[in-house]
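Examination of the molecular architecture
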Amino acid sequence: MKQPVRIAVTGAAGNISYALLFKIAAGEMLGSDQPVILQLVEIPQAMDRLHGVTMELEDCAFPLLHGVTLHDNPDSGFQGAHYAILLGARPRSRGMERADLLEANAAIFSAQGRALNKVANPDVKALVVGNPANTNCLILSRNAPDLSPSQFCAMTRLDHDRARGLLSTQIEVSLADIDNIIIWGNHSSTMYPDLHHATIAGDQPVISMINDQWYKEEFIPRIQKRGSEIIEARGQSSAASAAQAALAHMRDWALGTDGKIVSMGVISDGSYGVAKGICYSFPCVCDFGAYQIVQGLDINEYGQEKMKVTEAELLEEKAAVEHLLPTE
Ligand code: NAX
């Protein structure tokens, strides 16, 4: 039997977590031979709710679940963590300006970055789901100077999988046959869902099978605003699909994508002319526990414009929290 790995989850009493923890404990993230210890982190006011979730985890009697610990702060919650899934974030309240939201989250993710730096396993992989995910991820990484920026990701996998789902329905092709969809940029309504490299069954270009007007006027805006569409219909934001995406992101990062492209928000190294140092979603492949940005894809003029729009938004977000970032 393998040694258990430690997985810290913040926002652990929230909605996404409720759809995520049970799958992790069942082995759906790291495999059915990998025991796990869950380190659940919440704010002090939510500890009772968290206790309730923990009782349910215990009642499931998962053979792979070798322990659950509860924490009201990241310094104890991230102790020795091999993986950290950061769901907890400050939601926008009525009348709150965007800059205030960024600042409130900057405070949370600065403290969590420092805690990861100090107490997590040195090889920890951290995934930020809590919004604004990309800029929160940037703040997290900048506050963990002893860790590599490549140990931090923001989640755009839900957008990636939403794009696969919508395309599969439109062209009536099995999801399993669709590859090389890319989400570029921010997890926000400026993201660029790119189908120019997508293929069916390995070689058939998707772009030749779809109507350009449908692609530009229906598909792209629908993916960009899918989160709001779900809230409108359900009265609550995506939870099960977000949990599934977080699981898929972590599994692929840890176990590899077998050459398949996935979208990951990562700290830009300047690839494709994207400003260095922002957290931007790129096409990635994963192997041996690390991601690599796929290089050399041709981007047409339309795509370049879209990529610039979402880059500009991320630069604006970064500028709004710049005064709170430690100097590099
Ligand atoms: P919930 O409001 O149900 O849960 C959030 C939990 O985080 C709460 O229990 C709260 O007490 C806790 N929390 C807040 N601050 C914390 C802190 N400093 N430390 C630890 N815990 C803290 O939200 P839920 O539906 O679970 O969504 C979680 C986050 O995911 C939100 O920020 C949401 O906007 C974001 N999303 C991101 C997505 C993505 O694709 N990147 C998609 C889904 C989701 O909208």
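Residues numbered from 1 in each chain as written. Predicted model: local features only at pLDDT ≥ 70, side-chain atom pairs only at ≥ 80, totals over all residues. Heavy atoms only, no water.

**Some details on the overall build of the protein**
Scanning the protein from terminus to terminus reveals 10 helices and 14 strands. Since a compact globule built from 328 residues should have a radius of gyration of about 20 Å, the 19 Å found for the protein is in line with a globular shape. Projected onto its principal axes, the C-alpha positions of the protein cover 50 × 45 × 40 Å. Among the 328 residues that make up the protein, the fraction classed as buried is 54%. (Helix = DSSP H or I, 4+ residues; strand = E, 2+ residues; numbered from the N terminus. Rg over C-alpha atoms; globule rule 2.2 N^0.38 Å. Buried < 20%, exposed > 50% of the residue type's maximum accessible area, 1.4 Å probe, protein only.)

**As for the sheet that holds strand 11 (residues 204–205)**
The sheet built from 3 strands is open, its strands ordered 7-10-11 with antiparallel pairing. At either end of the open sheet lies a strand with only one pairing partner, and these are strand 7 (178–179) and strand 11. Where strand 7 lies against strand 10 (residues 199–200), 2 bridges are found, and the strand directions are antiparallel. Bridge assignment links Ile178 to a residue of strand 10, and that residue is Ile200. (Pairing = 2+ DSSP bridges.)

**What about the site of the ligand?**
Around the ligand sit 23 residues, and of these Asn15, Ile16, Glu42, Val129 and Asn131 come closest. Here Asn15 contributes a backbone N or O atom positioned 2.9 Å from an oxygen atom of the ligand. In the environment of the ligand, a nitrogen atom lies 3.3 Å from a nitrogen or oxygen atom belonging to the backbone of Val129. The fraction of the free accessible surface of the ligand (880 Å²) that becomes covered by protein chains is 81%. Of all elements in the fold, only helix 1 (15–25) and helix 4 (98–119) reach the threshold of two or more residues within the shell around the ligand. Looking at the shell around the ligand, its residues break down into 11 nonpolar, 10 polar and 2 charged. (Near = heavy atom within 4 Å. Polar contact = N/O pair within 3.5 Å; in protein donor to acceptor, adjacent residues only side chain to side chain. Areas by Shrake-Rupley, 256 points an atom, 1.4 Å probe, with all protein chains shown as cover. Nonpolar A, V, L, I, M, F, W, Y, C, P; charged D, E, K, R; others polar.)

**Notes on the sheet that holds strand 3 (residues 65–71)**
Across the sheet, 9 strands lie side by side as 3-2-1-4-5-6-12-13-14; this open sheet has mixed pairing. Of all strands in the sheet, those bounded by a partner on one side alone are strand 3 and strand 14 (290–293). Geometrically, the sheet is characterised by an average inter-axis angle of 30 degrees between neighbouring strands, direction not taken into account. Relative to strand 3, helix 2 (residues 47–60) is tilted by about 175 degrees, and along the sheet it contacts strand 2 (36–41) and strand 3. (Axes fitted to C-alpha atoms, helices over the stretch in contact; angles between N-to-C directions. Contact = heavy atoms within 4.5 Å.)

**Digging into the pairing of strand 5 (residues 125–128)**
Burial along strand 5 is two-sided: the residues Lys125 and Leu127 and Ala126 and Val128 are all buried. Between the parallel pair strand 4 (residues 83–86) and strand 5, the chain is carried across by helix 4, and the sense of this crossover is right-handed. Of the pairings in the sheet, the one linking strand 5 to strand 6 (residues 152–154) comprises 3 bridges and is parallel in character. When the sheet's bridge partners are listed, Val128 is paired in strand 6 with Ala154. A crossover connection joins strand 5 to the parallel strand 6 through helix 5 (residues 133–142); in handedness this β-α-β unit is right-handed. (Right-handed = clockwise from strand over helix to strand, strands pointing away.)

**A look at the environment of Phe152**
Within the fold, Phe152 resides in strand 6. Residue class for Phe152 comes out buried when judged on its relative accessible area of 0%. Separated by 82 residues in sequence, Phe152 and Arg234 place their C-alpha atoms 31 Å apart. Here Phe152 is in contact with Leu116, Ala126, Cys137, Leu140, Ser141, Ala144, Leu147, Trp253, Gly265 and Val266, once residues within four sequence places are set aside.

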